[in-house]
Amino acid sequence: MKIAPSILAADLARLADDVARVAPYVDFLHVDVMDGHFVPNLSFGMPVIAALRRTTSLEFDCHLMVTNPIALFEPLREAGADLVTVHIEVHPDPRGAAAAARSAGLRFGLVLNPATPFGAVAPFVELCDQLLVMAVVPGFGGQRFIPEVLPKVEAARKFIDSSGIHADIEIDGGVTPETARLARDAGANAFVAGTAIFGSDDPVAAVGRLRDAVNGKA
Ligand code: DX5
Ligand code: ZN
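Here goes a summary of the coordinates provided. Within each chain, residues carry numbers counting from 1 in the order of the written sequence. Written order determines the labels here, with chains lettered from A and ligands numbered from 1. pLDDT decides what is reported in this predicted model: residues at 70 or higher carry local features, side-chain atom pairs at 80 or more are listed and counted, and totals for whole chains, interfaces and linings draw on all residues regardless. Side-chain numbers come from the whole structure's heavy atoms, not from hydrogens or water.

This brings us to the overall build of the chain. Counting from the N terminus, the helices are DSSP H or I runs at least four residues long and the strands are E runs at least two residues long. Scanning the chain from terminus to terminus reveals eight helices and eight strands. Against the 2.2 N^0.38 benchmark of 17 Å for 218 residues, the chain shows a C-alpha radius of gyration of 16 Å, consistent with a compact globule. Considered along the principal axes of its C-alpha atoms, the chain spans approximately 40 × 40 × 30 Å. Accessible area is worked out with a 1.4 Å probe on protein chains only. A residue is then buried under 20% of its type maximum, exposed over 50%, and partly exposed in between. Counting over 218 residues, the chain shows a buried share of 52%. Contact between two residues is taken to exist if any of their heavy atoms lie within 4.5 Å; hydrogens are not considered. The contacts in the chain between residues at least 6 apart in sequence include a share of 64% that link residues at least 24 apart. Summing over all exposed atoms, the chain offers an accessible surface of approximately 9,200 Å²; the carbon and sulfur share of this is 54%. What the globule rule says is 2.2 Å times the number of residues to the power 0.38, and the radius of gyration is computed from C-alpha atoms. Accessibility throughout is a Shrake-Rupley quantity obtained with a 1.4 Å probe, and a residue counts as covered only by protein chains that appear here.

It is worth spelling out the coordination of the zinc ion (ligand 2) at this point. Donor atoms (N, O, S) are those found within 2.8 Å of the metal centre, with the cutoff raised to 3.2 Å for Na, K and Ca; water is not part of the atom list, so apparent gaps in a site can occur. The coordination sphere of the zinc ion (ligand 2) contains the protein donors His30 (NE2), Asp32 (OD), His63 (ND1) and Asp172 (OD), at a distance range of 2.1 to 2.3 Å. Only two sets of limits are used to name each site, 85 to 135 degrees for every angle of a tetrahedral four-donor site, and over 155 degrees for opposite donors with all other angles from 65 to 115 for a square planar four-donor or octahedral six-donor site, with any other site named irregular. In this structure, the zinc ion (ligand 2) is surrounded by six donor atoms whose angles at the metal cover 72 to 171°, and the resulting shape is octahedral. Look at where the donors of the zinc ion (ligand 2) fall in the sequence and you get H-x1-D-x30-H-x108-D. Residue His63 is located in strand 3 (residues 60-65), and its partner Asp172 is located in strand 7 (residues 168-172); the two are separated by 109 residues in the primary sequence. The pair His63 / Asp172 is uniform in exposure class, with both members buried.

One heavy atom suffices: a residue is near a molecule or strand as soon as one of its heavy atoms comes within 4 Å of it. Neighbouring residues of ligand 1: 20 residues in total, closest Ser6, Asp32, Gly139, Asp172 and Thr195. The contact in question runs from an oxygen atom of ligand 1 to an N or O atom on the backbone of Gly139, over 2.7 Å. Pairing of N or O atoms within 3.5 Å defines a polar contact, subject to two protein rules: one partner must be a possible hydrogen donor and the other a possible acceptor, and residues neighboring in sequence count only if both atoms are side-chain atoms. Here an oxygen atom of ligand 1 and a backbone polar atom of Gly174 are 2.8 Å apart. Protein chains bury 99% of the 390 Å² of accessible surface belonging to ligand 1 in isolation. Put simply, the parts of the chain that give the shell around ligand 1 at least two residues each are strand 2 (29-34), strand 3 and strand 8 (190-193). For the shell around ligand 1, the leading source of residues is strand 2, giving three residues. Residue polarity follows a fixed list, in which Ala, Val, Leu, Ile, Met, Phe, Trp, Tyr, Cys and Pro are nonpolar, Asp, Glu, Lys and Arg are charged, and the others, Gly among them, are polar. Taken together, the residues of the shell around ligand 1 break down into eight nonpolar, 10 polar and two charged.

Looking now at the environment of Glu126. Relative to the helices and strands, Glu126 resides in the loop between strand 5 (107-112) and strand 6 (130-134). By relative accessible area, which is 62% here, Glu126 ends up exposed. In sequence terms Glu126 and Ile165 are 39 residues apart; their C-alpha atoms lie 6.1 Å from each other.

In this section: the pattern of salt bridges. Here a salt bridge means any side-chain nitrogen of Lys or Arg lying within 4 Å of a carboxyl oxygen belonging to Asp or Glu. Across all of its chains, the model carries 10 salt bridges by this definition. For Asp168, the salt bridge is made with Lys2, and the minimal N-O distance between the two is 2.8 Å. With Asp168 in strand 7 and Lys2 in strand 1 (residues 2-5), the pair connects residues that are 166 residues apart, well separated along the chain. Owing to a relative accessible area of 18%, Asp168 belongs among the buried residues under this scheme. Overall, Lys2 belongs to the partly exposed group, its relative accessible area being 29%.

It is worth spelling out helix 2 (residues 46-53) at this point. When helix 2 is considered as a whole, its buried residues turn out to be Ile49, Ala50 and Leu52. When helix 2 is viewed along its axis, its buried side chains cluster within an angular range of 165° and face the same direction. Among the structural elements, helix 1 (15-22), strand 2, strand 3 and helix 3 (69-79) are those in contact with the buried residues of helix 2. What the arc describes is the spread of directions from the helix axis to the C-beta atoms.

Across the sheet, which stays open at both edges, the eight strands sit in the order 1-8-7-6-5-4-3-2 with parallel pairing between neighbours. Looking at the sheet topology across the chains shown, the edges are occupied by strand 1 and strand 2. Taking each pair of neighbouring strands and ignoring which way they run, the sheet shows an average axis angle of 25°. Of the strand pairs in this sheet, strand 2 and strand 3 are connected by six bridges, and their pairing is parallel. Residue pairing for strand 3: Met34 is matched across the bridge by Met65. For every element, the axis is a line fit to its C-alpha atoms; helices are fit only across the contacting stretch, and the angle between N-to-C directions ranges from 0 to 180 degrees. The sheet strands contacting helix 2 are strand 2 and strand 3, and the helix crosses strand 3 at an angle near 170°. One requirement defines pairing of two strands: DSSP has to find at least two bridges between them.

Rendered as structure tokens:
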């Protein structure tokens, strides 16, 4: 079970400090890149990622909420990204995107919006290191978890296990100890949390509560 804080909810004026505080307790960082076009919000890009890269050795899982992800692969790799996820809604046939990510030296994953069925990614899961299931409509932190996505997590877990594919199933949006447990029961093994971690008075304790929840200790 992997826990990944989403830096979107960090204090961006103190980003390195916020990340350093939780770094010993988490598995990687989730980095939400938004273009104000695929989603109605802007977040951060290469300059911020490169600056953060100089302060931490945690892997960067870059969730690309952009309409032109392939053009960003090389500069993101340069900036220090480790894995990129591309929305299937942007590239319904993502084979070219997967190949471009690998040749840029990046691991690759696909993302599904809440309304997109698992069938859209099923033929391409074998290309993935990670399958990211959105539990909110992407664009903003602090939204409520949509439980209707849980059957999709179950379908993904069944498909991945029965095909012998090694891909993480990551859930993103509205993740709290309670919703993380539901996602874990459905088959997720990686949990992104922004507000639940950085919105907490004690982010380290918040990571601990999430970890206990997904490990069945709470
Ligand atoms: C939403 C982003 C999420 C977001 C999660 O578009 O993809 O990663 O940061 O934030 P919380 O955990 O606050 O829902
Ligand atoms: Zn995200």
